[in-house]
Amino acid sequence: MASASSLMAVENFLCSICLDVFTKPASIPCGHNFCLKCITDYWDTNNIVFQCPLCKEEFCSKPMLRVNTFIAQMAAKVKTHAQEKSCKTPEQAGNGNVLCDICTGAKLTALKSCLVCFMSYCETHLEPHQRISALKKHKLIHPVENLESRICKKHDEPLELFCRVDQMFLCGSCKDRDHKTHKIVSLEEEAQMRRAQLETEMKSSDQMIQVRQQKIQEIQHSVEASKNNARKALSYSTHVMAAVVDYIKKSQAELTEVVQTKQKLIETETEGFIKELEEEITKIKQNNVQLNQVSLTNDTFIFLENLLSLTITPPQVKDWSGEKIHSEQFTVQGALTKLETTVMTEIRTLCDPDLKEMQQHAVDVSLDPDTANPFLNVSKDGKQVTHGDRKRNLPDKPERFDNVLNVLAKEGFSSGKFYYEVQVKGKTQWDLGVANQSINRKGDIRLSPKNGYWTIWLRKGKEFTANAGPAIYLHVREMPQKVGVFVDYEGGQVSFYDVDSRACIFSFTGCNFTEKLFPFFSPCSNDGGNNSAPLIITPVYNS
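Residues numbered from 1 in each chain as written. Predicted model: local features only at pLDDT ≥ 70, side-chain atom pairs only at ≥ 80, totals over all residues. Heavy atoms only, no water.

## Let's talk about the overall build of the chain
The test is simple: Only DSSP runs of H or I reaching four residues or more are called helices, and only runs of E reaching two or more are called strands; each is numbered from the N terminus. Each residue gets one of three labels from its accessible area relative to the maximum for its type: buried under 20%, exposed over 50%, partly exposed in between, using a 1.4 Å probe on protein chains only. Using a 1.4 Å probe, accessible areas were evaluated by the Shrake-Rupley method; residue-level cover was limited to the displayed protein chains.
Per the secondary structure count, the chain includes twelve helices and 23 strands. Expressed as a percentage of its 543 residues, the buried residues of the chain come to 43%. With an accessible surface of roughly 29,400 Å², the chain has 50% of that area assigned to carbon and sulfur atoms.

## Focus on the packing of aromatic side chains
Each aromatic ring pair is characterised by the separation of its centres together with the angle its planes make. The condition is simple: The aromatic pairing rule takes the rings of Phe, Tyr and Trp, using the six-membered ring of Trp, and pairs them if the centres are within 6.5 Å, calling planes under 30 degrees apart stacked, those over 60 edge-to-face and the rest tilted.
Scanning the model with the defined rule gives 13 aromatic pairs in all. With a centroid separation of 5.6 Å and 75° between ring planes, the pair formed by W430 and F464 is classed as edge-to-face. Taken together, the positions of W430 in strand 15 (residues 430–436) and F464 in strand 17 (residues 463–466) put the pair 34 residues apart, joining distant regions of the chain. Classification of W430 as buried rests on a relative accessible area of 1%. Exposure remark for F464: the relative accessible area of 0% places this residue in the buried category. Ring centres 4.9 Å apart and planes at 85° place the aromatic pair F506 and F508 in the edge-to-face group.

## What to know about the confidence of the model for the chain
Test applied: Each residue carries a pLDDT score, the predictor's own confidence in it, on a scale running from 0 to 100. We call two residues in contact when some of their heavy atoms are within 4.5 Å.
With 88% of its residues at a pLDDT of at least 70, the chain reaches an overall mean of 84. Taken as a whole, residues 1–7 scores under 50 in pLDDT and shows four contacts with residues more than four places along the chain or in a different chain. Overall, residues 88–95 carries pLDDT values under 50, and its contacts beyond four positions in sequence, including any with other chains, amount to eleven contacts.

## Observations regarding the sheet that holds strand 13 (residues 407–408)
Operational definition: By this definition, two strands are paired if DSSP reports at least two bridges between them.
Within the open sheet, the six strands sit side by side as 13-22-15-16-17-18. Their pairing is antiparallel. In the strand order of this sheet, the two ends are held by strand 13 and strand 18 (472–474), each with one partner. Bridge count for strand 13 against strand 22 (residues 517–522) is two bridges, and the pairing is antiparallel. When the bridges of strand 22 are listed, V407 appears paired with F521.

Encoded structure:
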């Protein structure tokens, strides 16, 4: 015999139309009971035939409806009992759970959502969908909010498919009409594929972060090694400088300043690298945040909907594999040993203490476009020159170089001393120096003092030559980024300096100048972009 508690179970007092506990229950001739309003509304929409929504028995005329007071009393008790029970362990809205749409008072957490009824049901109110054959045909899914968004607005059918061609959700009718030839998969299959892609993307992002973190460590280690080398160089220089004459003492101070300045430049450069790497890590992490937010939901539809609305663009980051910070920048010990016997010669190649004095003779130099080869592009301010890909249509003036990629400055000098600086950073080939006013500017030209040119050049990014006739191969400890040119007209001297290290690269001495001298420049061919950086006349800063 059934217990009182089983007879009072909520499911025994649910209206099969509204699926809630009876409100004013009414019995119809076949014996089934419904809420008075529910059955009345049901029959009002089917006014030709009156039938039972459950057993489908038809009635010739609309039955007279009255409230079944006994069932109404029992339903009221059941409703009160259910409310008291739900108050003990209710799920409150706002905690991330979908709540039952049928529960009155404190609502229980929904177990399933129905795409036919557009409602979500707790375990109790879901029971009719598991028992009644008509309701069993309804499409049940994991409980979700906003069920209307999962219904095709065109066909009023559940969106259960995905078109990989048009990247959109489909219902069954959509598939059979507009997407017959397209690749159609279930939402579960598409979500599984997208999750795998997302996982791969996240792994790639993690690897990118790891590589950049390792690069930061590498840079930091390089800086520390550079500091150690700087300390060794300064210590060694102090030991050697103490053993020589006042000239060496003067040079030692210069060397200390150079090393410290260079180290500051290295540290500044590495700080920039670290900052750039950290910014890239931040970008990657921000991208990961978006990816993580999309991957958090277990709901297939929301996951795909969020993922489709999100434009996943790999962060624009730099390939750091080729970037290195060289720590061996202070290889001066060998030169300092030779200084004990060859002080005056070697000290100028190491760090010329007289460069500051030469910089006092700095002049403002600008390029003369009327002398520039037609393939050269001179900036409007006359401070930069590059090799262009096309020959410009220019008048063939007597002063213009027509065959070689040369250009002179507007300013010429016929007395005194003058000095200027040119940035050669990023170039693999260039020519610099001074030339007589009367030089040949047409056809092929040979650079040598005999022909009125006092120049040096760089080739292949590493071959330094003084065009002395015969040529002299120059040994430098490092490639200069900025070259200083000093001319003593009466003294017959043309000297070239690595401005950053204050070292003398080469000097033409004993020259006999008899006419006006003009600064001479050649950016050389751009070599398919490998030598596209400009020659830049820069201001002289004497510290």
